[in-house]
There are 2 protein chains.
Amino acid sequence: MKIRIGIAGYGNLGRGVECAVQHAPDMELVALLTRREPASIQTHTGTPVYHMSDAEKLKDQIDVMILCGGSANDLPKQTPALARYFNVIDSFDTHAKIPEHFSQVDAACKQAGTVGVISVGWDPGMFSLNRALAQAILPNGQDYTFWGKGVSQGHSDAVRRIEGVKDARQYTIPVESALERVRRGENPMLTTREKHTRECFVVAEEGADLAKIETAIKTMPNYFADYDTTVHFISEEEMQKNHSGIPHGGMVFRCGVTGWEQEHRHIIEYSLKLDSNPEFTSSVLTAYARAAYRLHQEGQTGCKTVLDIAPAYLHPADAEQLRATLL
Amino acid sequence: MKIRIGIAGYGNLGRGVECAVQHAPDMELVALLTRREPASIQTHTGTPVYHMSDAEKLKDQIDVMILCGGSANDLPKQTPALARYFNVIDSFDTHAKIPEHFSQVDAACKQAGTVGVISVGWDPGMFSLNRALAQAILPNGQDYTFWGKGVSQGHSDAVRRIEGVKDARQYTIPVESALERVRRGENPMLTTREKHTRECFVVAEEGADLAKIETAIKTMPNYFADYDTTVHFISEEEMQKNHSGIPHGGMVFRCGVTGWEQEHRHIIEYSLKLDSNPEFTSSVLTAYARAAYRLHQEGQTGCKTVLDIAPAYLHPADAEQLRATLL
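From a predicted model like this one, the values you see are computed outputs, not experimental measurements. (Residues numbered from 1 in each chain as written. Chains lettered and ligands numbered in written order. Predicted model: local features only at pLDDT ≥ 70, side-chain atom pairs only at ≥ 80, totals over all residues. Heavy atoms only, no water.)

Here's the deal with the pairing of strand β12 (residues 248-258) of chain B
Residue and element names in this part refer to chain B. Applicable threshold: Working definition: with a 1.4 Å probe on protein chains only, accessible area under 20% of the residue-type maximum means buried, over 50% means exposed, and in between means partly exposed. Secondary structure is summarised from DSSP: a helix means a run of H or I of at least four residues, a strand means a run of E of at least two, and numbering begins at the N terminus for each. Following DSSP output, two strands are said to pair if at least two bridges run between them.
Burial runs high along β12: 11 of the 11 residues are buried. One ladder, built from 11 bridges, connects β12 with strand β13 (residues 264-274); its direction is antiparallel. Residue pairing in the sheet places V252 in a bridge with Y270 of β13. In sequence, β12 turns back onto β13 through a hairpin of five residues, with G259 there showing a positive phi of about 105°.

So, in structure tokens, the structure goes:
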């Protein structure tokens, strides 16, 4: 019997999960939930679409609901609400609010007897898992995280809100020389500016004041003021042709020492190069849906994160096969 | 109360664990077990030394015994034997015999009510864990493992057994161009020879036939015949000065695709650069000792591997703190 999956929300992430479930040997997609008019949505696989308010009716048809909404407005309400009927997975990524979200999902899951896994993806997610493992192995050391090269949706949106900007794409780029220093084991102290640069591609409205737009970008507090930023004005055609992808990635390092004189240096690096940020995140969500199902089958309930789940739960093969082939 | 650790075996690995335990905030080293004459061993920290046959007497004084013997002759017997009295951790690395070792340790642990964690280190160990996670996330893809640059003890020993060789050190070196092809996402088919080269530094006996030694190395089946091997004859002084370290490392890649047309490529890379292979392995063993202790406290018993243990168990901080700081 296959694990019966539901998807809540049909944006980039939801479409990615639809595709990932199709490629999983042990899963089937049963339903899509939406807050829009269900009839207005045609899924790629022809999966039936229901209104979010009908969730309860699907209670016995779905093992794991994968939430694909946004962290700002959707997930804080939807994840605990849907945890009343299903095991749930989300990619909640507002780092500062994770403890609060955790306790709300935990309460809902425990009351309903379901399993919730929150903040699944790559950061938070696989990067968090790697930070935890590497810190545990090398307690005397230093962490570094670099992001990119990739598109930051938040920064792209911030540029789009500037007067005179029609469209924009922002790339976060790690500074190669800083990366090299970390990889060489120098354990450098790096400022925000020394770690990443930002590159913006902007389509301006006709007649807009380009110099003013560029200044507005480069001096924007929090988003750009602390970085060296480059701004390129391009045509709509060029935007469409060269910047329609959503690549991303990054690296987590732990540089630590061992030995009585701390004389031996070790560098652990976990690195991701992703052609499609949402499709990779969807793939991580789908693997953790398998874990949530298995944990629930074992009788567990409550909220978990990637830190609480053993690797074997994510893999379709059984424990014996994994030991024989992967160890 | 600190986790009370014992070490069985005092070679490079045992010494590394002694140092790692000293740097762990929540552990104390209680005893060293040896098969040698206890009085002949002086530990770095002054930890008391007992004969292996006295293990049972230490039953109530030690929470986790970390086994630091060899996979060929020590661990297959010692790990199940010591699991009768303690939670145990080992670094058993004879890949083909892991299923058999697992079932013997599992039986001993279940009978005694203890937890055993086998095959802990980096390969098997962190590399296995990363293979499992990456395969689960990217089911459509290809795995690559490279080792080095680093000293292979097995290959060094093989060279030392050749007539006329006084001392030898063998480095395994990944082929840079093959690495680059994998990192670029080419998913190449690579032969053994295309992935790694081998470099040997040899101190010959006086009057030995150097050409004969070089041929004996380069044509040695299993160890060297399938590789491009370089042999350097050096003096004892040079060996001592430049080749006394035991560095190692390597990389595990998963190169996979997502999307309806499999049009998006993703590369996951986990990479280690280690100044001291035994001290890093010791650090991994020590982190998993913490996990074994906690699992046992929860009432679990039986044999586990790194695939069966959630990351949070390894880290000294509690779950709440980890969520707040690492996610």
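Additional details are given in the paragraphs that follow.
Considerations on the relation of the copies chain B and chain A
Spelled out, the test is: The copies are overlaid by a least-squares fit using only the C-alpha atoms of residues whose pLDDT is at least 70 in both copies. The contact definition used throughout considers only heavy atoms, calling two residues in contact when any of these lie within 4.5 Å.
Superposing chain B onto chain A takes a rotation of 180° plus a shift of 0.0 Å along the axis, which leaves an RMSD of 0.0 Å. With respect to symmetry, the two chain copies, as superposed, fit the operation of a two-fold axis. The rotation axis passes nearest to the C-alpha of B:A310 in chain B, at a distance of 1.9 Å. The overlap is high: 100% of the interface residues of chain B also sit at the interface in chain A, so the same surface is used on both sides.

Focus: the sheet that holds β13(B)
Strand-to-strand pairing in sheets goes through backbone hydrogen bonds, with the strands running parallel or antiparallel. Note the following rule: To get an axis, a line is fitted to the C-alpha atoms, and for a helix only the part in contact is used. The angle between two axes follows their N-to-C directions and goes from 0 to 180 degrees.
One open sheet holds the six strands; their spatial order is β7(A)-β12(A)-β13(A)-β13(B)-β12(B)-β7(B), and the pairing between them is antiparallel. Pairing within the sheet leaves two strands with one partner each, and these edge strands are β7 (141-147) of chain A together with β7 (141-147) of chain B. Direction aside, the axes of adjacent strands within the sheet are offset by 10° on average. Against the sheet, helix α10 (residues 277-297) of chain A engages β12 (248-258) and β13 (264-274) of chain A together with β12 and β13 of chain B, with an angle of about 70° to β13(B).

Here we look at the interface of chain B and chain A
What counts, and what does not: Here a salt bridge means any side-chain nitrogen of Lys or Arg lying within 4 Å of a carboxyl oxygen belonging to Asp or Glu. The term polar contact refers here to a pair of N or O atoms within 3.5 Å; inside protein, the definition further demands a hydrogen-donor-capable atom paired with an acceptor-capable atom, and it admits residues adjacent in sequence only when both atoms are side-chain atoms.
Between chain B and chain A, the contact holds 64 residues from the first and 64 residues from the second. Inspection of the region where chain B meets chain A yields zero salt bridges. Summed over the shared surface of chain B and chain A, the number is 24 residue pairs in polar contact (both at pLDDT 80 or more). When residues of the side of chain B that touches chain A are traced back to their parent elements, those giving at least two are α1 (12-22), α3 (98-112), α4 (126-137), β13, α10 (277-297) and α11 (319-326) of chain B. No other element matches the 11 residues that β13(B) contributes to the side of chain B that touches chain A.

Focus on the environment of A:L322
Structurally, the position occupied by A:L322 is in helix α11 (residues 319-326). For A:L322, a relative accessible area of 1% translates into the label buried. Counting along the chain gives 261 residues from A:L322 to A:Q61, while the straight-line C-alpha distance between them is 30 Å. Discounting residues that sit within four places of it in the chain, A:L322 has contacts with A:A312, A:H315, A:A317, A:L327 and B:L307.

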